[in-house]
Amino acid sequence: NIQINWKWEPTDISRNLWASCLSAFRDPMAMERANLLNMAKLSIKGLIESALSFGRTLDSDYPPLQQFFVVMEHCLKHGLKVKKSFLGYNKSLWGPLEMVEKLCPEAGEIAASVRDLPGLKTPLGRARAWLRLALMQKKLADYLRLLITRKDTLSEFYENSAVMLEEEGAVIVGLLVGLNVIDANLCVKGEDLDTQVGVIDFSMYLKNDIDDYRSEERNGQIAAILDQKNYMYSVLTFCCHLFLLQLAIAKNNIIKLQEENHQLRTENSVILMKAQQRLEVLLYGDLNCELDTYKQSRQGLDEMYNEARRQLKEECQLRQDVENELVVHVSMKQEMEMAMKLLEKDIHEKQDTLIGLRHQLDEVKAINVEMYQKMQSSDDNMRQKNDMIARLEEKTNQITATMKQLEQRLQDAERERASAEDGVRKFKQDFTNKADSLQKQIAQREKQMMQLETDLKIERDWRQTLQNELERERETIAQLTAEAQQINGLKKEFHRLQDENTQLKGICEEQEQALEELGCKLSEYGGQVWLKDKDATHCKLCEKEFSISRRKHHCRNCGEIFCNSCSDNELPLPASPKPVRVCDTCHALLLQRCSSNAT
């Protein structure tokens, strides 16, 4: 006969379960949340303890790991809204997990690999694969922390009393941080994730008398952990005060920058008023172009001022970012306080393990290191802001220097304009004298009046172009010196062209005189009379009037004067063996004569 003595005593977990059952009559959703939180604690605790005792990488067949995924699936399914589809009503767990990809770009690789798996056909299978891949990456706690912070996004998928929208969800996410010490190698392709049935096995979490022997040792360890917790709380409060001090310093710097900006605006307005007064006193009707150029330069200064204003906005944005970081740190502090309170309650239950708390402390230390790094980065930002303030001061000095240079250039431009007006006045006097002389010549040579009038029109147009160029030169102050030199060059070119024109006129008269002499000689040999240029005002054949564009041409056969279109033929004559110009009439007669001689 074998007698088995086995005694079961109610543990803290069983007491909590009985208490939750009694409160179910009041709030069933609260009971479900409490049960899921207890099961999450048990599964995470058992998984960490068994994994550390196991001593190697976990695979898919490990029972505590399978139970952990079942518990997480139940936690994520709690309070899911029912959505209508073509096949009926269903609860999609893949929807909220797919939103993590938008909140964290690093989760895009997991979502893409889950979509590419060939064996997954249902959203539930994709969600299970996503949980396994996130655990292998050791980013499951980070991804779910990002998800629970977006209450507005989760409200589209969950009811108001769901685990993910309450404090129990934050506690579960905090417990998941301890799983980062576990190395798992899970084969997702070989598993049938679509048809698995998630049932929680409570037999793994039942306790007996053997576990009570370790309670005294754990109490000492828990006391040490509480001391460490108090130390970390004091460190966090010190860091928060330090961040508040830095924020106050940043606000003071921003206020100083705003005051300097206001001073710059007042100085800028004073400079603008002075410049406008000077312009009203000095400028006349012809100085509107200079005023436009000054406005353009003023526009450049306004652009520089807008750039400084944009930098000030960037400083304000940096200040807002620092404040947001402070709010995040405060929220993290509140979450840690809440987690600490829940941990104090769990200490009395004697179910939390030393290993999980140590890893949570490591996470807090990592957060402390991150906060220290952020503090250093904030110091760097303050240095950068001081550098930017120095650059802004340099830019203000440059603006004042450029204003002085613009005033000096304006005075130089006025002096150059006065000199240019004197030159134009002298040019007008010379031009009027030349016009009088030309009119006298026109009175003497009435037959050449049309030709001289066209020349005068050309010179007037050229004068108008010179005036237009002078007006365009006044529009830009920076190029006044170069344009003045160009005006002098144009004057010299005008005189040179006048000299060349007179020379060409003399050469033309000499050539016409030589042609007349040659025509007289040819008329002596040939018997035709060589008509003089002054005796012909119209073409003999088409009777069109001669002008500068329609020139006079002698026919070498008859000696009459024709236009170019009526005398564009060339034939050899007895007096000239080379082909010379003949009119259309003589060309026809000579061709007819040659044809009759040939027959």
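Look a little higher up for the structure.
Residues numbered from 1 in each chain as written. Predicted model: local features only at pLDDT ≥ 70, side-chain atom pairs only at ≥ 80, totals over all residues. Heavy atoms only, no water.

### Remarks on unusual backbone geometry
Most peptide bonds are trans, and most residues other than glycine sit at a negative phi.
Move 1: The backbone phi angle of K138 is positive, close to 60 degrees, even though this residue is not glycine.
Move 2: Notably, E543 is not glycine yet its phi reads approximately 60 degrees, a positive angle.
Move 3: For E543, a relative accessible area of 61% gives the class exposed. (Buried < 20%, exposed > 50% of the residue type's maximum accessible area, 1.4 Å probe, protein only.)

### Describing the packing of aromatic side chains
Move 1: What the rule picks out here adds up to 4 aromatic pairs.
Move 2: Relative to Y143, the ring of W130 has its centre 6.0 Å away and its plane inclined at 45 degrees; by these criteria the two rings are tilted. Of this pair, W130 sits in helix α7 (residues 123-137) while Y143 sits in helix α8 (residues 140-149); the two residues are 13 residues apart in sequence, bridging distant segments of the chain. For the pair formed by W130 and Y143, the shared burial category is buried.
Move 3: Ring plane angle 70 degrees and centroid distance 5.4 Å describe the contact between F427 and F494, whose orientation is recorded as edge-to-face. Here F494 lies in helix α15 (residues 480-526) and F427 lies in helix α13 (residues 354-444), a separation of 67 residues in the sequence.
Move 4: On the basis of relative accessibility, which here comes to 17%, the residue F427 falls in the buried class.
Move 5: Taken together through their ring pairs, the aromatic side chains of F427, W462 and F494 make up a single cluster.
Move 6: Note that R132 overlies the ring of F69, its terminal NZ or CZ placed 4.3 Å from the centroid. (Phe/Tyr/Trp six-rings, centres within 6.5 Å; stacked < 30°, edge-to-face > 60°. Helix = DSSP H or I, 4+ residues; strand = E, 2+ residues; numbered from the N terminus. Lys NZ or Arg CZ within 6 Å of the ring centre and 35° of its normal.)

### Examining the packing of helix α3 (residues 63-77) against α7
Move 1: Where α3 meets α7, the axes come as close as 11 Å, and the angle between the chain directions of the two elements is 120 degrees. In this view, α3 runs oblique relative to α7, as classed from their interaxial angle. Read as a crossing pair, α3 and α7 show a hand that is right-handed. Across the interface between the two elements, L65, F68, F69, E73, L76 and K77 from α3 touch L124, R128, L131, R132 and L135 from α7.
Move 2: Considered class by class, the residues forming the contact of α3 with α7 number 7 nonpolar, no polar and 4 charged. (Axes fitted to C-alpha atoms, helices over the stretch in contact; angles between N-to-C directions. Parallel < 35°, antiparallel > 145°, perpendicular 65-115°, else oblique. Left-handed = near helix turned anticlockwise from the far one by under 90°. Contact = heavy atoms within 4.5 Å. Nonpolar A, V, L, I, M, F, W, Y, C, P; charged D, E, K, R; others polar.)

### A short note on the pattern of salt bridges
Move 1: Counted according to the given criterion, the structure contains 18 salt bridges.
Move 2: For R150, the salt bridge goes to D152, with nearest N and O atoms at 3.7 Å.
Move 3: Under the relative-accessibility criterion, D152 is labelled partly exposed at 48%.
Move 4: The residue E560 makes a salt bridge to K540 at a minimum N-O spacing of 3.3 Å. Residue E560 is found in the loop between β3 (553-554) and β4 (561-562), and its partner K540 is found in the loop between α15 and β3; the two are separated by 20 residues along the sequence. (Salt bridge = Lys/Arg side-chain N within 4 Å of Asp/Glu carboxyl O.)

### Digging into α7
Move 1: Helix length check: α7, at 15 residues, gives a terminal C-alpha distance of 21 Å against a target of 21 Å (1.5 Å per residue), a fit within 8%.
Move 2: Listed in full, the buried residues belonging to α7 are G125, A127, R128, A129, W130, L131, R132, L133, A134 and L135.
Move 3: Looking at the packing, one finds that the buried side of α7 touches α3, α4 (94-98), α5 (100-103), α6 (108-116) and α8.
Move 4: Looking at the residues trailing α7, positive phi occurs at K138, about 60 degrees. (Expected span 1.5 Å × (residues − 1).)

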